[in-house]
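Spelled out from the first residue to the last, the chains are:
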Amino acid sequence: GAVVSQHPSRVICKSGTSVKIECRSLDFQATTMFWYRQFPKKSLMLMATSNEGSKATYEQGVEKDKFLINHASLTLSTLTVTSAHPEDSSFYICSALNGNGYGYTFGSGTRLTVV
Amino acid sequence: GENVEQHPSTLSVQEGDSAVIKCTYSDSASNYFPWYKQELGKRPQLIIDIRSNVGEKKDQRIAVTLNKTAKHFSLHITETQPEDSAVYFCAATDNTGGFKTIFGAGTRLFVKA
């Protein structure tokens, strides 16, 4: 079945630094990937839709200059949290649209802690 | 845009009883409705889904019903077991336009042994 690999699983960084999170589809081509943010005991909040070869589409209220998304290949999308602040601490999780057009496979998530 | 409401937020049942979680959506263009189970600190796992041309789907102890007219869909878990304890999310997707998935707020299910 479709597998999505996400790295790193955990990262701690200092305020002001940038962190890159990778999301790879391992056995299928994912032209569309999605990035979510999840606060403790809360739902998944869609941040942006990442389309291979084009600019990401950001949801209202999400700062595109802060959360940089790059989808340079059919199997890789990256999310870079720039100039991280403690309030950016969260669980970030990607998902990829399966090749059949239905169903989404999630990555394992990245727990970001900004100190 | 799409809005998905999910109830209840917390559900506690005795082992062996049934559990029902209900969701409503706002965008009539939504045509795909997956349900995910998420255990603490782990990724959501798809447990069942239903497309808009179907009213009901069942997979062993799990079933989902969809009422497109009322924009309601529900998850039914029968003969619950302690390992069913998790957070369950419903979601709605418009697969013909953008494939965006909007999630409900989640239901924390506790199954007491």
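Here, the structure is the one placed above.
Residues numbered from 1 in each chain as written. Chains lettered and ligands numbered in written order. Predicted model: local features only at pLDDT ≥ 70, side-chain atom pairs only at ≥ 80, totals over all residues. Heavy atoms only, no water.

Caption draft 1: Region of the structure containing the interface of chain B and chain A. In this assembly, 20 residues from chain B lie in contact with 21 residues from chain A. In total, about 1800 Å² of surface goes out of reach between chain B and chain A, with carbon and sulfur atoms giving 56% of it. Contact with chain A buries area across many residues of chain B, yet R43(B), F99(B) and F103(B) alone supply 29% of it, more than any other trio. One can count 6 residue pairs in polar contact (both at pLDDT 80 or more) joining chain B with chain A. Of all the secondary structure elements, the ones that give two or more residues to the side of chain B that touches chain A are β4 (32–38), β9 (86–93) and β10 (101–103) of chain B. The residue makeup of the side of chain B that touches chain A, split by class, is 8 nonpolar, 7 polar and 5 charged. (Contact = heavy atoms within 4.5 Å. Buried area = accessible area lost by both parts, 1.4 Å probe. Polar contact = N/O pair within 3.5 Å; in protein donor to acceptor, adjacent residues only side chain to side chain. Helix = DSSP H or I, 4+ residues; strand = E, 2+ residues; numbered from the N terminus. Nonpolar A, V, L, I, M, F, W, Y, C, P; charged D, E, K, R; others polar.)

Caption draft 2: Structural context of the packing of aromatic side chains. In total, this model carries 13 aromatic pairs over all chains according to the counting rule given. Ring geometry for Y36(A) versus F106(A): centroids 5.9 Å apart, planes at 45°, classification tilted. Remark: F106(A) occurs in strand β10 (residues 104–106) and Y36(A) occurs in strand β4 (residues 32–38); sequence separation between them is 70 residues. Comparing Y36(A) with F106(A), the two get one shared label, buried. Taken together, a centroid distance of 4.9 Å and an interplanar angle of 50° make the contact between F33(B) and F73(B) tilted. (Phe/Tyr/Trp six-rings, centres within 6.5 Å; stacked < 30°, edge-to-face > 60°. Buried < 20%, exposed > 50% of the residue type's maximum accessible area, 1.4 Å probe, protein only.)

Caption draft 3: Just the state of the cysteines, in detail. All names here are of chain A. If you walk through the whole model with that rule in mind, you get 2 disulfides over all chains. Linked covalently through their sulfurs, C23 and C94 form a disulfide whose S-S length is 2.0 Å. On the sign convention where negative is left-handed, the bridge of C23 and C94, at about 80° about the S-S bond, is right-handed. Pair noted here: C23 is in strand β3 (residues 19–25) and C94 is in strand β9 (residues 90–97), with a separation of 71 residues, a long-range link. (Disulfide = S-S within 2.5 Å.)

Caption draft 4: Local environment of the sheet that holds strand β3 (residues 19–25) of chain B. All names here are of chain B. With antiparallel pairing, 5 strands are arranged side by side in an open sheet as β1-β3-β8-β7-β6. Edge strands, defined here as strands with exactly one partner in the open sheet, are β1 (4–7) and β6 (56–59). Taking the axes of each pair of neighbouring strands and ignoring which way they run, one obtains an average angle of 15° across the sheet. Sheet topology note: the strand β7 (residues 62–67)/strand β8 (residues 72–77) ladder contains 6 bridges and is antiparallel. When the bridges of β8 are listed, I62 appears paired with I77. (Pairing = 2+ DSSP bridges. Axes fitted to C-alpha atoms, helices over the stretch in contact; angles between N-to-C directions.)

Caption draft 5: Structural view of the nonpolar core. Ranked by size, the top nonpolar core spans 40 residues in total, and within it Y36(A), W35(B), F73(B), L75(B), Y88(B), F103(B) and L109(B) carry the most contacts. No other element matches the 7 residues that β9(B) contributes to this core. If you look at the next biggest cluster of nonpolar residues, it comprises 24 residues, including C23(A), A30(A), W35(A) and L79(A). (Core = buried A, V, L, I, M, F, W, Y, C linked by side-chain atoms within 4.5 Å.)

Caption draft 6: Quick peek at the pattern of salt bridges. Residue and element names in this part refer to chain B. For the structure shown, the criterion picks out 5 salt bridges over all chains. For K57, the salt bridge goes to D49, with nearest N and O atoms at 2.7 Å. Its relative accessible area of 16% is what places D49 among the buried residues. As a salt-bridge pair, R61 and D84 come within 2.9 Å of each other at their nearest N and O atoms. Of this pair, R61 sits in the loop between β6 and β7 while D84 sits in the loop between β8 and β9, placing them 23 residues apart in sequence. Of the residues examined, R61 reaches a relative accessible area of 22% and is grouped as partly exposed. (Salt bridge = Lys/Arg side-chain N within 4 Å of Asp/Glu carboxyl O.)

Caption draft 7: Structural context of the environment of I50(B). Among the structural elements, I50(B) can be located in strand β5 (residues 45–51). Judged by relative accessible area, which is 1%, I50(B) ranks as buried.

Caption draft 8: Structural view of unusual backbone geometry. Note the cis peptide between H7(A) and P8(A), where omega equals -5°. Considering the arrangement of structural elements, one finds P8(A) in the loop between β1 (4–7) and β2 (10–13). The amide bond that connects H7(B) to the next residue, P8(B), takes the cis arrangement and shows omega of -5°. Along the chain, the position of P8(B) falls in the loop between β1 and β2 (10–14).

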